[in-house]
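Observations on the model geometry
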Amino acid sequence: MPLRSLATTPVGDRVTIVAVMGDDNCSLLAMGLLPGVVAQVVNRTASGSVMIALPDHRLALGREIAERIQIEAIPGEGAEHPAAVAVSMAQHSCHEGVK
């Protein structure tokens, strides 16, 4: 599968981090954004910021940082996977009652 940026990953997709681009990566690596780590996109804003779930914590990343993280999709576990669809439907129904 081709590599792509975390910034373009749909909500619900599970991905494997392949590389973190740029020269100042020490803080990103220290936060657990390591090659080989599996993450799931749990939210994305219109501005391109993303929230991801890592094995033991969640991170919110700005668009510029998310664009530097190269990922590979995990086949069969994306936004169309039945578990991701169920989560999406539950989130939608929770927000319907909020005005």
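Residues numbered from 1 in each chain as written. Predicted model: local features only at pLDDT ≥ 70, side-chain atom pairs only at ≥ 80, totals over all residues. Heavy atoms only, no water.

So, the overall build of the protein
- Of regular secondary structure, the protein possesses 3 helices and 6 strands.
- Secondary structure of the protein in N-to-C order comes out as β-β-α-β-β-β-α-β-α.
- Sorting the 99 residues of the protein into buried and exposed places 32% on the buried side.
- For the protein, the proportion of contacts with a sequence separation of at least 24, taken over those separated by at least 6, is 59%.
- Per element, the accessible surface of the protein, about 6,000 Å² overall, is 60% carbon and sulfur. (Helix = DSSP H or I, 4+ residues; strand = E, 2+ residues; numbered from the N terminus. Buried < 20%, exposed > 50% of the residue type's maximum accessible area, 1.4 Å probe, protein only. Contact = heavy atoms within 4.5 Å. Areas by Shrake-Rupley, 256 points an atom, 1.4 Å probe, with all protein chains shown as cover.)

Regarding the confidence of the model for the protein
- Here the protein averages 81 in pLDDT, and 76% of its residues register 70 or above.
- Under a pLDDT of 50 for its full length, residues 81-99 has, in the predicted model, 6 contacts with residues more than four places off or in other chains. (pLDDT = per-residue confidence, 0-100.)

Looking at the sheet that holds strand 3 (residues 38-44)
- Across the sheet, 6 strands lie side by side as 1-6-2-3-4-5; this open sheet has antiparallel pairing. Of all the strands in the sheet, just strand 1 (4-5) and strand 5 (58-61) have a single pairing partner and so form its edges.
- Where strand 1 lies against strand 6 (residues 69-73), 2 bridges are found, and the strand directions are antiparallel. Looking across to strand 6, one finds that R4 is bridged to I71. (Pairing = 2+ DSSP bridges.)

Focus on the nonpolar core
- Ranked by size, the top nonpolar core spans 18 residues in total, and within it L6, I17, L33, I52, L54, L61 and I69 carry the most contacts.
- Among the elements of the structure, strand 2 (14-20), strand 3, strand 4 (50-53), strand 5 and strand 6 are those that each provide at least two residues to this core.
- Ranked by the residues each element gives to this core, the list is headed by strand 2, at 3 residues. (Core = buried A, V, L, I, M, F, W, Y, C linked by side-chain atoms within 4.5 Å.)

Remarks on the pattern of salt bridges
- Counting across every chain of the model gives 3 salt bridges.
- Salt-bridge contacts for E64 lead to R63; the nearest nitrogen and oxygen are separated by 3.2 Å.
- A salt bridge links E67 to R63; its shortest N-O distance comes to 3.2 Å. Note that E67 and R63 are positioned in helix 2 (residues 63-68) at a spacing of 4 residues, about one turn of the helix.
- A relative accessible area of 35% places R63 in the partly exposed class.
- Ionic contacts of the salt-bridge type, sharing partners, join the residues R63, E64 and E67 into one network. (Salt bridge = Lys/Arg side-chain N within 4 Å of Asp/Glu carboxyl O.)

A closer look at the side chain of N25
- Tracing the backbone through its elements, the reader meets N25 in the loop between strand 2 and helix 1 (26-30).
- Exposure remark for N25: the relative accessible area of 10% places this residue in the buried category.
- A polar contact of 2.5 Å, which involves the side chain of N25, links it to the side chain of R68.
- Residues contacting N25, with those up to four places away along its chain left out, are V20 and R68. (Polar contact = N/O pair within 3.5 Å; in protein donor to acceptor, adjacent residues only side chain to side chain.)

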